[in-house]
Amino acid sequence: MTDAQSISKVTEIINDSKIGMVTTINEAGALVSRPLAVQEVKDDGDMWFFTGLGTSQVAHVQADPRVNVAFGKKTEWVSVAGTAEVVTDRAKIHEMWNQVVEAWFPDGPDTPEVCLLRVDSDSAEYWTSPGGTAATVLQWVKSKVTNSRMSVGESGTVEL
């Protein structure tokens, strides 16, 4: 695949998945993950998430902006490494606001706690397994019968 095709594949998996496991580094240096709904993913892999200023992810990003965001659905996965920043720009919050976010912030986009996390994506690794679960099982059986390594799809790494 070309870089453009790989980047397209990464953004397709993210858009289809919707929920990413955002991993940050806590005060003790341990990795901490939590699910966040991606609001937007740019063509270059940069992502936006709504969150609250008082959350652990905001505290972690302010102390160490290195993050990883992993997405998966059935037979496709992507892991994106990058740096995050906390964005409190009310105009940007209003621009990205939607009804789904209201479930977490019922008082609307002017709620003082509301902020955005913008992830500046550096690189991504993706895996796909065409044909779904049945094809994966078939490849597993084939690898057992032929005593060979299982191969069920494609993977790639791309700089974003």
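Refer to the structure above for everything that follows.
These remarks concern the structure in this document. Source: prediction; values computed, not measured.

Further remarks concern the nonpolar core. The biggest cluster of nonpolar side chains holds 22 residues, and the ones touching the most others in it are Ile-14, Met-47, Phe-49, Phe-71 and Val-78. Once residues within four sequence positions are removed from consideration, Val-78 is found in contact with Val-10, Ile-13, Ile-14, Val-69, Ala-70, Phe-71, Ala-124, Glu-125, Tyr-126 and Trp-127. One finds Trp-48, Phe-50, Phe-105 and Val-114 within the second-largest nonpolar core, a separate group that totals 10 residues.

As a further point, take the pattern of salt bridges. Using the criterion set out here, one finds eight salt bridges in the structure. Notably, a salt bridge pairs Lys-9 with Glu-12, separated by 3.4 Å at the nearest N-O pair. Separated by three residues within a single helix, Lys-9 and Glu-12 lie in helix α1 (residues 3-17), roughly one turn from each other. Here Asp-64 makes a salt bridge to Arg-66, at a shortest N to O gap of 2.7 Å. Linked through salt bridges whose partners overlap, the residues forming this network are Lys-9, Glu-12, Lys-73 and Glu-76.

You can see Thr-51 is positioned in strand β3 (residues 47-52). By relative accessible area, Thr-51 is classed as buried at 4%. At a separation of 3.4 Å, a polar atom in the side chain of Thr-51 contacts the side chain of Thr-55. Residues in contact with Thr-51, not counting those within four places in the same chain, are Gln-57, Val-58, Phe-105, Glu-113, Val-114, Cys-115 and Leu-117.

Calculation criteria
Residues numbered from 1 in each chain as written. Predicted model: local features only at pLDDT ≥ 70, side-chain atom pairs only at ≥ 80, totals over all residues. Heavy atoms only, no water. Core = buried A, V, L, I, M, F, W, Y, C linked by side-chain atoms within 4.5 Å. Buried < 20%, exposed > 50% of the residue type's maximum accessible area, 1.4 Å probe, protein only. Contact = heavy atoms within 4.5 Å. Salt bridge = Lys/Arg side-chain N within 4 Å of Asp/Glu carboxyl O. Helix = DSSP H or I, 4+ residues; strand = E, 2+ residues; numbered from the N terminus. Polar contact = N/O pair within 3.5 Å; in protein donor to acceptor, adjacent residues only side chain to side chain.

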